[in-house]
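# Structural characterization, general
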Amino acid sequence: MHEGEHPALGEMPDGVEYGTITRDSYAEAVSKLYDSTPTRVDGVPYPQLKEGAQMIHNDMSFSVGDIAGAGRVVFFSPKNRKALNGFLLQQSGYMQLPTSMLTDKILEALLPIMESRGIVGVAYAHGGRGSPDLITHQGRWGVKTLQAHIAKQVASILRVLHHEFAHHNENMSEPPVVLMGHSQGGQIVAHELSEPQKYGFSDGQIRGAALINSVALPHSQAMLRTPGFVMDIARRTLPDVIQSFWSGDGLLLRDNDAFRAFLGEGDPQSSSSHRMTTSTLPAETAWFVQTLTSGTSPKLNPAVVRGMPISLVTSVDDQLMGAYAQKMTHNHVVKSGANTLWQEVPGRHFSPIMLTGDESIDRVLEIIRGNTAAFTHSFQNM
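Each chain carries its own residue numbering, running from 1 in the direction its sequence is written. Where totals are concerned, whole chains, interfaces and linings use all residues; where local detail is concerned, this predicted model gives features only for residues with pLDDT of at least 70, and gives and counts side-chain atom pairs only at 80 or more. Side-chain numbers here rest on the full set of heavy atoms in the structure, without hydrogens or water.

The numbering of helices and of strands both runs from the N terminus, where a helix is a DSSP run of H or I of at least 4 residues and a strand a run of E of at least 2. Helix and strand content of the chain: 11 helices and 13 strands. The C-alpha radius of gyration of the chain comes to 19 Å, within 12% of the 21 Å expected for a compact globule of 382 residues. Type-normalised accessible area, obtained with a 1.4 Å probe on protein chains alone, sets the label of each residue: buried when under 20%, exposed when over 50%, and partly exposed for intermediate values. With 382 residues in all, the chain has 59% of them scored as buried. Values of accessible area rely on a 1.4 Å probe in the Shrake-Rupley scheme; residue burial ignores everything except the protein chains shown. In the form shown here, the chain has an accessible surface area of approximately 15000 Å², with 50% of it arising from carbon and sulfur atoms. The quantity called the radius of gyration is restricted to C-alpha atoms. Its globule counterpart is 2.2 Å times the number of residues to the power 0.38.

The following block contains the structure:
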């Protein structure tokens, strides 16, 4: 992350700006977990995680695991972790790779929490993303089909985590889990909090959650109330949506279309922006249309979330989930009885998880501090 002779992040006093950050250290590192030559499906290149790949970067270890029924995921853990006391399950957003949240802004905040509490993370994205069995024909998947698919995959992941936990602990109880998701991944977390048994979780197994710029709860069509969204994003994607419905292929936005829809700020030629906009994957068109019309977000189950520490991280200028959607989400989580923390950070939809160009160290520090407060809250019961 650091450029030139800038001091380490932890050494910078509040309110002091030393320059700009142009490189995402963790994101650059984990990109090496992918094959150098992307897999091509119908002529389109898609990144594929290398089987058995391993690496250590900035005191965090990473390894690629192949889970039957779920595809390839990335396990990540502090190098100096002394025990295994639970797991973090990260769930990526629309069209994003499993490594979408393995970035400086997220991992700088998570590392000390995971180290002190004995946590192993699992970075997962549905639809075979990052795997050799990538699904590309999900254009007609609606919310029911999508969630049924995810439920099977998450249950497969949990079986592996249970086995690993039992191997390290004489106590054979189900391992505690904290959930984290960005955008559509946040909405998936909400579905899991609504019906945990459907996804393979046992009673009380989920101990906390962090929703980062989540699709709005409980009525996701509130996205249409975000200023400029209809004209600037939905209208631009209409031809792609129609083509996806017609063909059955998954919706895919790349390059300038992906930059306008997802990022909307910073330098499109920066390494972080370029990596994201050229590595998107096919996603569900029917889900997208349902989200904007009838809604695809669930109501949280008060019996599950009452007293549970749930953090909301939102961006003040989010072009997809505007102020109305964010307020509605917060109100719903509070009314559901959760122990709720709402943390606002600068930037737009992807700002909490990745660099979007040359960012001031001051702004990056503010985001990391916000994420740290949110994640500390989410992990308090671990």
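Past the structure itself, the notes keep going.
The working definition used for a salt bridge is a side-chain nitrogen of Lys or Arg within 4 Å of a carboxyl oxygen of Asp or Glu. The full count for this structure, using the stated rule, is eight salt bridges. Between arginine 275 and glutamate 28 there is a salt bridge, with its nearest N and O atoms 2.8 Å apart. Highlighted residues: arginine 275 in helix α7 (residues 271-277) and glutamate 28 in helix α1 (residues 25-30), separated in sequence by 247 residues. Here arginine 275 falls in the partly exposed class, since its relative accessible area comes to 22%. Look at glutamate 28 and you get buried, because its relative accessible area is 18%. Here aspartate 59 ties to lysine 79 by a salt bridge, and the two come within 3.2 Å at their closest N and O atoms. Of this pair, aspartate 59 sits in the loop between β4 (54-57) and β5 (60-67) while lysine 79 sits in the loop between β6 (71-78) and β7 (86-91); the two residues are 20 residues apart in sequence, bridging distant segments of the chain.

Attention shifts here to unusual backbone geometry. Only a minority of non-glycine residues have a phi that is not negative, and only a minority of peptide bonds are not trans. Residue proline 218 follows leucine 217 across a cis peptide bond; omega there is -5 degrees. In this structure, serine 183 takes a positive phi of about 60 degrees despite not being glycine. Of note, serine 183 is situated in the loop between β9 (177-182) and α4 (184-194). Positive phi outside glycine occurs at asparagine 213, with the angle close to 45 degrees. By secondary structure assignment, the location of asparagine 213 is in the loop between β10 (206-212) and α5 (229-247).

The pairing criterion is simple: DSSP has to find at least two bridges between the two strands. Taken in spatial order, the nine strands make up an open sheet running β4-β5-β6-β8-β7-β9-β10-β11-β12, and their pairing is mixed. Edge positions in the sheet fall to β4 and β12 (339-345), since each has one partner strand and no second. Between one strand and the next, the sheet's axes are offset by a mean angle of 20 degrees, whatever the strand orientation. Of the strands in this sheet, β5, β6, β7, β8 (119-124), β9 and β10 are in contact with helix α2 (residues 104-117), which crosses β6 at around 70 degrees. The sheet contacts of α4 involve β7, β9, β10 and β11 (309-315), and relative to β9 the element is tilted by about 145 degrees. For helices, the fitted axis covers only the stretch in contact; all axes are lines through C-alpha atoms, and the angles between them, taken along N-to-C directions, range from 0 to 180 degrees. Note on contacts: a residue pair qualifies if any of its non-hydrogen atoms lie within 4.5 Å across the two residues.

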